[in-house]
Amino acid sequence: MITHPFSYQAPSTIEEAIATLGRSRDGKVLAGGHSLLPLMKLGLAQPDTLVDIRKIASLRDIRAEADGTIVVGTLATHRSIAEDRTIGAKLAALAEAAAAVGDPQVRSRGTIGGSLAHADPAADEPAPTLAFDAIIRAIGSKGKRDIPAREFFKAPFETALAPGEIAAEIRFPAQPGRTGSAYLKFRHPASRFAVVGVAAVVTAKADGTIERAAIGVTGAAEAPFRATAAERAITGTKGDAKAIAAAAAKAAEGMTTLSDLAASSEYRRHLVSVYAKRALERATQRARG
Amino acid sequence: MAQAITVTVNGTKRTKDVEPSQLLVELLRDTLGLTGTHVGCDTSQCGACTVLVDGRATKSCTILAVQTDGAEVVTVEGLAKNGELHPVQRAFASEHALQCGFCTPGLMITAVDFLARNASPSDAEIRHAIEGNLCRCTGYHNIVNAIRSAAAMMTMSAQSKVAAEVKR
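Values in this document were obtained by computation on a predicted structure and should not be read as measured data.

Visitor: Even after reading the chapter, I still don't get the packing of aromatic side chains, so can you show me in this structure?
Guide: Each aromatic ring pair is characterised by the separation of its centres together with the angle its planes make. All names here are of chain A. Tallied over the entire structure, the rule returns four aromatic pairs over all chains. Here the aromatic rings of Phe 152 and Phe 153 are separated by 5.1 Å at their centres, their planes lie at 85°, and the arrangement is edge-to-face. The exposure class of Phe 152 is buried, given its relative accessible area of 0%. Judged by relative accessible area, which is 9%, Phe 153 ranks as buried. Aromatic side chains Phe 186 and Tyr 275 sit 6.2 Å apart centroid to centroid with 70° between the ring planes, which places their arrangement in the edge-to-face category. Of the two residues, Phe 186 sits in strand S11 (residues 179-187) while Tyr 275 sits in helix H12 (residues 265-287), which places them 89 residues apart along the sequence. According to the relative accessible area criterion, Phe 186 is partly exposed, its value standing at 26%. A relative accessible area of 11% places Tyr 275 in the buried class. Members of the aromatic cluster, each reached through a chain of ring pairs, are Phe 186, Tyr 267 and Tyr 275.

Visitor: For this particular structure, what's the right way to read the sheet that holds strand S3 (residues 49-52) of chain A?
Guide: Strands pair in a sheet through their backbones, by hydrogen bonds, and they do so in one of two ways: parallel or antiparallel. All names here are of chain A. Taken in spatial order, the three strands make up an open sheet running S1-S3-S2, and their pairing is parallel. One side of each edge strand has no neighbouring strand; the edge strands of this open sheet are strand S1 (7-9) and strand S2 (28-30). Between one strand axis and the next, the sheet turns by 30° as a mean value, whatever way the strands run. When S2 meets S3, the two strands line up parallel, connected through three bridges. When the sheet's bridge partners are listed, Lys 28 is paired in S3 with Leu 50. The sheet strands contacting helix H1 (residues 14-23) are S1, S2 and S3, and the helix crosses S3 at an angle near 170°.

Visitor: It is not clear to me how the side chain of Asn 133 of chain B should be interpreted in this structure. Could you clarify?
Guide: Note on placement: Asn 133 of chain B falls in the loop between helix H4 (123-129) and helix H5 (141-167). Here the side chain of Asn 133 of chain B touches Gly 47 of chain B through a polar contact of 3.2 Å, landing on its backbone oxygen. Apart from the residues within four sequence positions on either side, Asn 133 of chain B is in contact with Gln 105 of chain A together with Cys 46, Gly 47, Thr 50, Gly 106, Leu 107, Thr 110 and Tyr 140 of chain B.

Visitor: Would you mind going over the sheet that holds strand S10 (residues 166-172) of chain A with me for this structure?
Guide: Residue and element names in this part refer to chain A. If you walk across this open sheet you meet the five strands as S4-S5-S10-S6-S7, and the pairing is antiparallel. Bordering the open sheet on either side are strand S4 (62-64) and strand S7 (143-148), each of which pairs with just one other strand. Adjacent strand axes in the sheet meet at a mean angle of 25° when their direction is disregarded. Pairing of strand S5 (residues 70-73) with S10 involves four bridges; the strand directions are antiparallel. Paired with Ile 70 across the bridge in S10 is Phe 172.

Conventions used here
- Residues numbered from 1 in each chain as written.
- Chains lettered and ligands numbered in written order.
- Predicted model: local features only at pLDDT ≥ 70, side-chain atom pairs only at ≥ 80, totals over all residues.
- Heavy atoms only, no water.
- Phe/Tyr/Trp six-rings, centres within 6.5 Å; stacked < 30°, edge-to-face > 60°.
- Buried < 20%, exposed > 50% of the residue type's maximum accessible area, 1.4 Å probe, protein only.
- Helix = DSSP H or I, 4+ residues; strand = E, 2+ residues; numbered from the N terminus.
- Pairing = 2+ DSSP bridges.
- Axes fitted to C-alpha atoms, helices over the stretch in contact; angles between N-to-C directions.
- Contact = heavy atoms within 4.5 Å.
- Polar contact = N/O pair within 3.5 Å; in protein donor to acceptor, adjacent residues only side chain to side chain.

Quick look at the structure:
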């Protein structure tokens, strides 16, 4: 039950949505509503206006551009991402993260844009968004703005989006040949949020050595992060079990890991290494085909 | 301020004035009297309120009624056709897949969406498919049996339809 009154608008263009948001006192964008509506039930969010963007059909598209960029519209549901063949083939870690969100009903309605903009520190999709170096294209009253994923997540529930801006699409750049990726998580037994989730993207050379690696970690700290020390450690190695284990051991280096009922800070640090190792192994295997 | 919406519920178009804060499950139960859809937790965890929205299993406690303007909704009351129970309903009865029955409508709707996408699932796939539905009395074993049995019934009936077409 939602006890506070609000006005509801469902404009059919993004310009209209931005204008409506601008006119409101404390308006919120409504996509799938699977983060916002629960907050409103608890009274933790009490927007005066909800701007539902569901009628803006272009925001729902998943498409490949000529240069190989895969554009995922903000309204793409976790389910549609998990079931999309192009994403499954080119961005496996994203498909696996989307398939790991909540439960089937939540995936029917919840959207990638909503999840990223809500910026729950334990959300799944931020990990592959970071590891693939995606760009979040925001649209506001002053026009378009491209925000690299690495600059997007600021703090728990805080992003680089300015008030009145809408995260319209998430742009995943084309990955080079011999690239493989994977997402693995240790999930909270009840909520299914990521206690720790790791996305690894690995590009191998023809001889099998690791040319490039990117590791996105969610759930472990106040905001999702790139495990840069581990990335550096694995690059240039043969990508064998020993090299992967040595790199994964550095995956939480320099980070303050969270402590809560599900896992202590120390345990989370351990989980980051374990899941980084498993994700790197799987991504490396896939990179080599 | 209340606004008019038109939703197709179990095949019938319904136009109603709703407050923006009204949840879909409140529209179904309180306004339309379709009390087969249950409210268990009201926090999108238990799945008792699951209905189909445009064919996809959705927790009706976590969607506003206004968001379904123009949509097609199917509740447990819409599963039986011409007085004949849906195979999923028959299987839940024959496999004793319920005790108190509170979670049953949501589980059956989830199963209908799942079986539409996966006609011959493994037990592991069935167990994953019902992750969003909690049963607090009977356990999941007979529920899994029922969904497996419904899949077989639906495949057989699809095959006999094809056979009848071929004969003709």
